[in-house]
Amino acid sequence: MKLLRYGPAGEEKPGLLFEGVILDLSDYIDDLSGGALSDEVLDRVRVLDPTKLQVVDSETRLGSCVGNVGKFICIGLNYADHAAESGMELPQEPVVFFKATSAITGPNDMVDIPRNSVKTDWEVELGVVIGKHTKYVSKEDALDHVAGYCVINDLSERDFQIHRSGQWVKGKSADTFGPIGPWLVTRDEVGDPQDLSMYLEVNGYRYQDGSTRTMHFDVATIISHLSQFMSLQPGDVISTGTPPGVGMGQTPETYLKPGDVMELGIEGLGVQRQTVQASA
């Protein structure tokens, strides 16, 4: 299934994409969050008759495909070629940092360049949405804890991230720096998360053109590793790293400016489009 949230910011309702049409699910679940992401609830949604669901205007705004995210966890330097373009060695264990949940926006919402920013950058990433309580899970069982997958743009302000001291979170957490969606695609429909092509373009020029095949740590390893240090809850989101082609890796370095348009997508998971503007 392809699940989504639609409507004005802060007032999103749950929906289902069926044969290209958005159908309303609000009579059956309150939101795509928390316990609604369990296998049991998703199985009940799966057997609904789509002809009995209300059709939603195709022009409606899409919100983040997950609501009320508890933890927004990111994995750094998880593609060998991206680590190389960043001038950093591949880590022995996953590099973990957090992104503020206030950064989360819809997949096609405007992206704001923060005040005093000089290096706002892009990163297409595979998002993993947890579907049930996960603690000390083995790598072999880890994917059973996934509700589904989605597209994430892990926007980053490199000067804040690298030169402003402390953890990377300073450069990762500005408002609008976490577009998620358009859809949450359930794990049964995705199949192998380690064989998905992905891309990102700015103003029609393709900067990133990669695949999850080149991840240093695969999705199952990441989930198992994280669960050794913290419990993962239904609705937690993990952003699993980016392939090469970020602005910081260009010669000369290239960063976003007002008026730029990003398009990014992952095979089977949909496409995001964002226009960049200066923060108010």
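Just so it is clear, the structure is predicted and the values come from calculations on it, not from any experiment.

Visitor: A description of the side chain of Thr186 should follow, citing residues and the corresponding values.
Guide: You can see Thr186 is positioned in strand E13 (residues 184–186). The class of Thr186 is buried, set by a relative accessible area of 1%. Among the polar contacts made by the side chain of Thr186, one reaches the side chain of Asp188 at a distance of 2.7 Å. Not counting the four nearest positions on each side in its chain, Thr186 is found in contact with Met1, Leu3, Leu42, Arg46, Ala147 and Gly148.

Visitor: A description of the sheet that holds strand E15 (residues 205–211) should follow, citing residues and the corresponding values.
Guide: Strand order in the open sheet made by the 5 strands is E7-E18-E17-E14-E15, with mixed pairing throughout. Edge positions in the sheet fall to strand E7 (111–113) and E15, since each has one partner strand and no second. Each adjacent strand pair in this sheet contributes to an overall mean axis angle of 20 degrees, direction not counted. Where strand E14 (residues 197–202) meets strand E17 (residues 261–266), 5 bridges bridge the pair, whose relative direction is antiparallel. Note that in E17 the partner of Tyr199 across the bridge is Gly265.

Visitor: Could you give an account of empty space enclosed by the protein, with specific residues and numbers?
Guide: Within this structure, the stated rule accounts for 1 cavity of 30 Å³ or more. Counted as a void, the largest cavity has a volume near 130 Å³. Taken together, 19 residues line the largest cavity, and the ones lying closest to its centre are Leu77, His82, Glu123, Arg158 and Trp168. Grouping the amino acids of the lining of the largest cavity by side-chain chemistry returns 7 nonpolar, 7 polar and 5 charged.

Visitor: I'd like a rundown of the pattern of salt bridges, residues and numbers included.
Guide: Under the defined criterion, the tally for this structure stands at 21 salt bridges. A salt bridge links Lys119 to Glu253; its shortest N-O distance comes to 3.7 Å. Of the two residues, Lys119 is situated in the loop between E7 and strand E8 (120–121) and Glu253 in the loop between strand E16 (237–239) and E17; the sequence distance between them amounts to 134 residues. Assessed through its relative accessible area of 24%, Lys119 is described here as partly exposed. We classify Glu253 as partly exposed; its relative accessible area is 42%. With its nearest N and O atoms 3.0 Å apart, the salt bridge here joins Glu263 to Arg273. Of this pair, Glu263 sits in strand E17 while Arg273 is found in strand E18 (residues 270–278), placing the two residues 10 residues apart along the sequence. Owing to a relative accessible area of 46%, Arg273 belongs among the partly exposed residues under this scheme.

Visitor: An account of the sheet that holds E13 is requested, with residue identities and associated values reported.
Guide: Reading across from one edge, E3-E2-E1-E13-E10-E9-E16-E4-E5 is the order of the 9 strands in this open sheet, with mixed pairing throughout. Of all strands in the sheet, those bounded by a partner on one side alone are strand E3 (21–24) and strand E5 (95–98). Neighbour-to-neighbour, the strand axes of the sheet open up by a mean angle of 30 degrees, direction not taken into account. Bridge analysis of strand E1 (residues 2–6) against strand E2 (residues 13–18) gives 5 bridges, and the strand direction is antiparallel. If you follow Lys2 over to E2, its bridge partner there is Leu17. On the sheet, helix H6 (residues 219–227) packs against strand E4 (72–76), E5, strand E9 (124–130), strand E10 (146–153) and E16 and is oriented at approximately 55 degrees with respect to E9.

Visitor: Go over the packing of aromatic side chains, please, and point to the residues and values.
Guide: Summed over the entire model, instances satisfying the criterion amount to 3 aromatic pairs. A centroid spacing of 4.6 Å and a plane angle of 70 degrees characterise the contact between Tyr205 and Tyr207, whose relative ring orientation is edge-to-face. What links up through ring pairs into an aromatic cluster is the set Trp122, Tyr205 and Tyr207.

Visitor: Break down the nonpolar core for me, with residues and values.
Guide: Judged by nonpolar contacts, the single largest core of 46 residues is most densely connected at Leu126, Tyr149, Ile223, Ile238, Met262, Ile266 and Leu269. Among the secondary structure elements, those contributing two or more residues to this core are E1, E4, E7, E9, E10, E14, H6 and E17. Top element by residues in this core is H6. It accounts for 5 residues. Val41, Val66, Cys74 and Ile180 belong to the second-largest nonpolar core, a separate cluster that totals 26 residues.

Conventions we followed
- Residues numbered from 1 in each chain as written.
- Predicted model: local features only at pLDDT ≥ 70, side-chain atom pairs only at ≥ 80, totals over all residues.
- Heavy atoms only, no water.
- Helix = DSSP H or I, 4+ residues; strand = E, 2+ residues; numbered from the N terminus.
- Buried < 20%, exposed > 50% of the residue type's maximum accessible area, 1.4 Å probe, protein only.
- Polar contact = N/O pair within 3.5 Å; in protein donor to acceptor, adjacent residues only side chain to side chain.
- Contact = heavy atoms within 4.5 Å.
- Pairing = 2+ DSSP bridges.
- Axes fitted to C-alpha atoms, helices over the stretch in contact; angles between N-to-C directions.
- 1 Å grid on protein atoms, 1.4 Å probe; cavity = no way out; pocket = protein on both sides within 12 Å on 5 of 7 lines; lining within 4 Å.
- Points joined across faces, edges and corners; volume = space filled by probe spheres on them.
- Nonpolar A, V, L, I, M, F, W, Y, C, P; charged D, E, K, R; others polar.
- Salt bridge = Lys/Arg side-chain N within 4 Å of Asp/Glu carboxyl O.
- Phe/Tyr/Trp six-rings, centres within 6.5 Å; stacked < 30°, edge-to-face > 60°.
- Core = buried A, V, L, I, M, F, W, Y, C linked by side-chain atoms within 4.5 Å.

Nothing here speaks to function; it is geometry throughout.
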